[in-house]
Amino acid sequence: SSGAIAGCVGVEMALVDPSRGRVLSRAQSEKLFSDELNSMGARERGTYRKMSAAELTEALFPEYKCLALLANLAVAPAARGSGLGRRLCARCDEAADDWELPAIMLQVELANAPARKLYEAAGYGAVFADEGASALRVKPGGAELQLESVPSTLLLMGKGV
């Protein structure tokens, strides 16, 4: 136990367009809600005050689903195969359940077979493949960290919680 970080993951609420397999960015989702709520009077806004995020999404934007989004799971090479990835996935499931969201989604590059294997073992199934996506990579050879965008196929995976 060196005290080094062995893994990390994020989980957040996200709006998903199921018909297009698209996850809206946080900024896009916040703008959508902000614009809609700001267009209402105080009394009308009050009718939505006690709704959960999923209920509010269903009421205002039935074309979207409010789901949990597992993001940026990473496990240090030395900790791979220890079950840490599965435990991190399970903690994200717990958060989605605590938030009373019906499902959890994630995006993974199709070429990332080890990650896909982990997610499939954790119960995720393929929902949609975006063949025109891009991914960020560290640009080789620079003295300072630079990122470049490269073509990629992103796979949207999900499961109920």
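Report on the accompanying structure. Computed from a prediction, not measured in an experiment: that's the story for all the values here.

The rules behind these values
- Within each chain, residue numbers correspond to sequence positions counted from 1 in written order.
- Local features in this predicted model are restricted to residues of pLDDT 70 or higher, and side-chain atom pairs are both shown and tallied only at a pLDDT of 80 or more, whereas totals for entire chains, interfaces and linings draw on every residue.
- Hydrogens are left out, water is left out, and the side-chain values use all remaining heavy atoms of the structure.
- Each helix is a run of H or I in the DSSP string that is no shorter than four residues. Each strand is a run of E no shorter than two, and both are numbered from the N terminus.
- Relative accessibility thresholds used throughout: buried, under 20% of the residue-type maximum; exposed, over 50%; partly exposed, between the two (1.4 Å probe, protein chains only).
- For the area figures, the Shrake-Rupley method with a 1.4 Å probe applies, and any residue is considered shielded solely by the protein chains shown.
- Lys and Arg are tallied as positive, Asp and Glu as negative. Neither His nor the chain termini are counted.
- Each charge is placed at NZ for Lys, CZ for Arg, CG for Asp and CD for Glu.
- Centres within 6.5 Å make a pair out of two Phe, Tyr or Trp rings, where for Trp the six-membered ring is used; the pair is then stacked when the planes are under 30 degrees apart, edge-to-face when over 60, and tilted otherwise.
- A pair of strands is considered paired only if DSSP assigns at least 2 bridges between the two.
- Here a residue-residue contact requires only that any non-hydrogen atoms of the pair lie within 4.5 Å.
- Between the N-to-C directions of two axes lies an angle of 0 to 180 degrees, each axis being a line fitted to C-alpha atoms and, for a helix, fitted only over the stretch in contact.
- A patch consists of residues exposed above 30% relative accessible area that lack any salt bridge, with like charges linked at up to 9 Å and nonpolar side chains (Val, Leu, Ile, Met, Phe, Trp, Tyr) linked at up to 5 Å.
- Every case where a carboxyl oxygen of Asp or Glu lies within 4 Å of a side-chain nitrogen of Lys or Arg is listed as a salt bridge.

1. Here's the deal with the overall build of the protein chain
Helix and strand content of the protein chain: five helices and six strands. Taking the principal axes of its C-alpha atoms as reference, the protein chain extends roughly 55 × 35 × 30 Å. Within the protein chain, the fraction of its 161 residues that count as buried is 34%. Looking at the protein chain as shown, the accessible area adds up to about 10,100 Å², and 51% of this sits on carbon and sulfur atoms. Of the charged side chains in the protein chain, 18 are positive and 20 negative; the average position of the first set lies 4 Å away from that of the second.

2. Focus: the environment of Ser 2
Secondary-structure assignment places Ser 2 in the segment before strand S1 (7-17). Ser 2 sits 132 residues away from Ser 134 along the chain, and the two C-alpha atoms are 36 Å apart.

3. Some words on the packing of aromatic side chains
By the definition in use, this model includes two aromatic pairs. Plain terms: the ring middles of Phe 33 and Phe 61 are 5.1 Å apart, the flat faces sit at 90 degrees to each other, and that makes the pair edge-to-face. Placement of the pair is Phe 33 in helix H1 (residues 26-38) and Phe 61 in the loop between helix H3 (53-60) and strand S3 (65-75), with a sequence separation of 28 residues. A single burial state applies to Phe 33 and to Phe 61, both of which are buried. Seen from their ring centres, Tyr 119 and Tyr 124 are 5.9 Å apart, and the 70 degrees between their planes marks the pair as edge-to-face. No difference in accessibility class separates Tyr 119 from Tyr 124, as the two residues are buried.

4. Digging into the sheet that holds strand S4 (residues 103-109)
Read across the sheet, six strands follow the order S2-S1-S3-S4-S6-S5 without closing on themselves; strand pairing throughout is mixed. If you trace the sheet from one side to the other, it starts and ends with strand S2 (22-23) and strand S5 (125-138), each paired once. Judged from the nine bridges that link them, S1 and S3 form a sheet pairing that is antiparallel. Bridge pairing in S3 links Cys 8 to Ala 74. Along the sheet, H3 makes contact with S1 and S3, crossing S3 at roughly 130 degrees. Across the sheet, helix H5 (residues 113-121) is in contact with S3, S4 and strand S6 (147-160); its angle to S4 comes to roughly 165 degrees.

5. Some points on the pairing of S6
Judged from the seven bridges that link them, S4 and S6 form a sheet pairing that is antiparallel. Within S6, the residue paired with Met 105 across the bridge is Gly 158. Direction of pairing for S5 relative to S6: antiparallel, over a ladder of eleven bridges. What sits directly across from Phe 128, in S6, is Leu 156.

6. Regarding a nonpolar patch on the surface
Together, Leu 136, Val 138, Leu 145 and Leu 147 give the surface a local cluster of nonpolar side chains, amounting to about 450 Å² of exposed area. Position of Leu 147 among the secondary structure elements: in strand S6.

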